[in-house]
Amino acid sequence: MSTSTTGDAILKLDGVSKTFGGLKALTDVSFALQPGEVVGLIGPNGAGKTTLVNVVTGNLRPSSGSILFEGKDVAAQKPHEAARRGLARTFQIVQPFPQMTVLENVTAGALFGGGAASVGDARDMARTSLDFVGLAPLADRPAAQLALAARKRLELAKSLAMNPKVLMLDEVNAGLNSSEIDGALALIRSIAERGVTVLIIEHLMKVVLSLSKRLLVLHHGQMIADGPSREIVADERVIEAYLGQKYAAKLKERHHG
Amino acid sequence: MKSGPLAYLLLAAGILVLATTPLYADNYVVRTAAIVAMYGALATSWNFIGGFTGYPSFSTAAFFGLGCYVGAICQRAGVPMIAAWLIATLMVGVFAALLGAIILRLRGHYFAIGSIAVVEVCRLVVSSWSSLTGGGDGLNLPLLHWPPEELMRFFLFVMLGILVLSLIATFLVDRARLGFGLRCIHQNEDAAAMVGIDTTRYKVAAYTLSAIFCAAAGAAYASWTGYIDPTESFQILMTVKVPVMAMLGGAGTLAGPFLGAAAFVLLEEVFWANFLDWNRAILGVVIVLLVFFLPGGLLSLHLRRRAKSGGAA
């Protein structure tokens, strides 16, 4: 249940809560990410995973608690400030600039978030990240024409062009078939190898387990577990949250019986 | 949206035709040319906020009218004419930046209604503030005692100058970080913020750019006509006409708004001259047809033909 929350954490949340009127979306969430770590964030539907990402990237302001990025409190930042600091994200529902070409989409990321000096430089950076995700052959297509798997790659290329320090991937694999998922997994692994800290928000256990050694579990807006993946998967409360109390009890009986 | 070589050619030809009218045409034609240039400048200005950024602004007449009044008040206070125009441009620019920071929080239809309210509020303030603006009686400006031809030629070149400046600004913005960011905001404002665009600052910049050339044109117009009043300066009709012109030519392109303005003013002249009772109705029908059959504007006709013939559009 413990994390090595030393001072050099790149992202640190401390007692973060978010309420919408009477609804508590997040309650007292604390965790820290070390530079270069790949961490999975799991939890059932409505657990508050996307809200958590929105709070970290400035789309929502936390009701209380602090968010430290590289030691600086960024709880009051705006989304564009988060992007420029190196906190990038992808959306669960992809958000391209539909009428622009694939190259232009990624150029926008490099120009505004990646600190490119000019539009020309940004275009070069964009080509590099398109090569990296394997979208270079589609560079001149309008983004609206891409199939879902390619759009997810576009989102990745766009956030990579922003030179992120922390990348939050919100369900990048949702809606993909299994061969597409394998491709995406290889891609995420190579992103992590570049030293980017990655937080993967996922539904699919297979995906999270194959990528991250450490898991965070969110349930009803509370962080119910934080630790090595193998231990977390066996954790009773996690099984309960995912499968329901009844099934968890049955599973336990079978193990002991 | 990039303008092709044809668009640049039409643009250059159009400006050349307007600039040479004093050589071969009578005063009526020169006056029409000056009006085309003025509306060209207004539509090109609108393009920053309406075309690039995709915010349906109806504030044009507010900026134009305020430009009229600031220019007139300065000139009456003894400021030389051209200095008065510059002061008007600057003051209305500051006004637009401050107003934009508030009104650009609205999106879509709400923004459209908010921006049209700005015109009405400005008109009401100007007509009520009699001590400064002369209220409903309007203001007289110092008359220019020049021969009519010379006067007309002078203001034709002033309006052309403002038009050319607005086109240069468009050209520069289109190629710079600002233009790229504005187009991103047009496509998807949330995604624009997520890639690191300070959307508020960019939108305010676009709104301010859309104001300054209108203010300059308004101040020059006031000096040209020598008399202004609130109803003439803050016309709802102008505020609607200008976006229609820009869309007629092709919103978001460099040459489109000017070409649309030229086509619109000429159509209006033709209908005004030949169908005095029906001109508004005919104009309305033309607008409806354009919206239904040519939503990309006149320039898109050319692109469409190129696409059909197999070339890259």
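Everything that follows concerns the structure shown earlier in this document.
The numbering scheme is per chain: residues are counted from 1 as the chain's sequence reads. Just so you know, chain letters begin at A and ligand numbers begin at 1, following the order they were written in. Two thresholds apply to this predicted model, a pLDDT of at least 70 for residue-level local features and 80 or more for giving and counting side-chain atom pairs, whereas whole-chain, interface and lining totals are computed over all residues. Hydrogens and water are ignored here; the side-chain numbers use all heavy atoms of the structure.

A. Inspection of the overall build of chain A at higher detail. Numbering of helices and strands runs from the N terminus, with a helix taken as a DSSP run of H or I at least four residues long and a strand as a DSSP run of E at least two residues long. Counting secondary structure elements, chain A contains 10 helices and 10 strands. For 257 residues, the compact-globule formula gives about 18 Å, and the C-alpha radius of gyration of chain A, at 19 Å, lands near that figure. Its C-alpha atoms give chain A principal-axis dimensions of roughly 65 × 40 × 35 Å. Throughout, a contact is declared for two residues whenever any of their heavy atoms are within 4.5 Å. In chain A, the share of contacts with a sequence separation of at least 24, taken over all contacts with a separation of at least 6, comes to 65%. Of the accessible surface of chain A, which amounts to about 11,400 Å², a share of 51% is contributed by carbon and sulfur atoms. All tallies of charge rest on Lys and Arg as positive and Asp and Glu as negative; His and the ends of each chain are not included. One atom stands in for each charge, and that atom is NZ of Lys, CZ of Arg, CG of Asp or CD of Glu. In chain A, 29 positive and 25 negative side-chain charges are present, and the distance between their average locations comes to 3 Å. C-alpha atoms define the radius of gyration, and 2.2 Å times the number of residues to the power 0.38 defines the globule rule. Here the Shrake-Rupley method, with its probe set to 1.4 Å, supplies the accessible areas, and only the displayed protein chains count as covering residues.

B. Main features of the environment of Ser210 of chain A. Residues and elements named next belong to chain A. You can see Ser210 is positioned in helix H7 (residues 205–211). Judged by relative accessible area, which is 35%, Ser210 ranks as partly exposed. In contact with Ser210, not counting residues within four places along its chain, are Leu185 and Arg189. Whether a residue is buried, partly exposed or exposed follows from its accessible area with a 1.4 Å probe, protein chains only, as a fraction of its type maximum: under 20%, in between, or over 50%, in that order.

C. Fine view of the interface of chain A and chain B. Contact with chain A, which involves 26 residues of that partner, is made by 18 residues of chain B. Between chain A and chain B, roughly 1,800 Å² of surface is buried when both sides are summed, and carbon and sulfur atoms account for 67% of that area. Together, His80, Phe97 and Phe112 of chain A form the three largest contributors to the area buried by chain A at its contact with chain B, with a combined 34%. Here a salt bridge means any side-chain nitrogen of Lys or Arg lying within 4 Å of a carboxyl oxygen belonging to Asp or Glu. Counting every contact that joins chain A to chain B gives 0 salt bridges. We define a polar contact as two N or O atoms separated by no more than 3.5 Å, with the added condition that, inside protein, one atom must be a possible hydrogen donor and the other a possible acceptor, whereas residues neighbouring each other in sequence contribute only through side-chain atom pairs. The tally of links between chain A and chain B comes to 10 residue pairs in polar contact (both at pLDDT 80 or more). Elements that contribute at least two residues to the side of chain A that touches chain B include exactly helix H2 (79–85) and helix H3 (102–113) of chain A. Of all the elements, H3 of chain A adds the most residues to the side of chain A that touches chain B, at 7 residues. Here the nonpolar group is Ala, Val, Leu, Ile, Met, Phe, Trp, Tyr, Cys and Pro; Asp, Glu, Lys and Arg are the charged ones; every other residue, Gly included, is treated as polar. A class-by-class count of the residues in the side of chain A that touches chain B yields 14 nonpolar, 8 polar and 4 charged. In this description, buried area is defined as the sum, over both parts, of the accessible area (probe of 1.4 Å) that is lost when the two are combined.

D. Summary view of unusual backbone geometry. All names here are of chain A. A positive phi angle, near 50 degrees, is found at Glu70, a position not held by glycine. Of note, Glu70 is situated in the loop between strand S4 (64–69) and strand S5 (72–73). For Glu171, which is not a glycine, the phi torsion comes out positive at approximately 50 degrees. Residue Glu171 is classed as buried on the basis of its relative accessible area of 5%.

E. Region of interest: helix H1 (residues 5–24) of chain B. Expected span, for any helix, means 1.5 Å times one less than how many residues it has. Over its 20 residues, H1 of chain B runs 28 Å from end to end, which matches the ideal 28 Å to within 8%, given 1.5 Å per residue. Turning to H1 of chain B, its buried residues are Ala7, Leu11, Gly14, Ile15, Leu18 and Thr21 of chain B.

F. Looking closely at the packing of aromatic side chains. Two rings from Phe, Tyr or Trp (for Trp, the six-membered ring) form a pair when their centres sit within 6.5 Å of each other. Planes less than 30 degrees apart are called stacked, planes more than 60 degrees apart edge-to-face, and all others tilted. Applying the stated criterion across every chain yields a total of 15 aromatic pairs over all chains. Aromatic side chains Phe112 of chain A and Tyr202 of chain B sit 5.9 Å apart centroid to centroid with 80 degrees between the ring planes, which places their arrangement in the edge-to-face category. Of this pair, Phe112 of chain A sits in helix H3 while Tyr202 of chain B sits in helix H10 (residues 199–225), each in a different chain. Ring geometry for Phe154 of chain B against Phe155 of chain B: centres 5.0 Å apart, planes inclined by 80 degrees, an arrangement best described as edge-to-face. Through a chain of ring-to-ring contacts, the aromatic side chains of Phe64, Trp85, Trp146, Phe154, Phe155, Tyr221 and Trp224 of chain B assemble into a single cluster.

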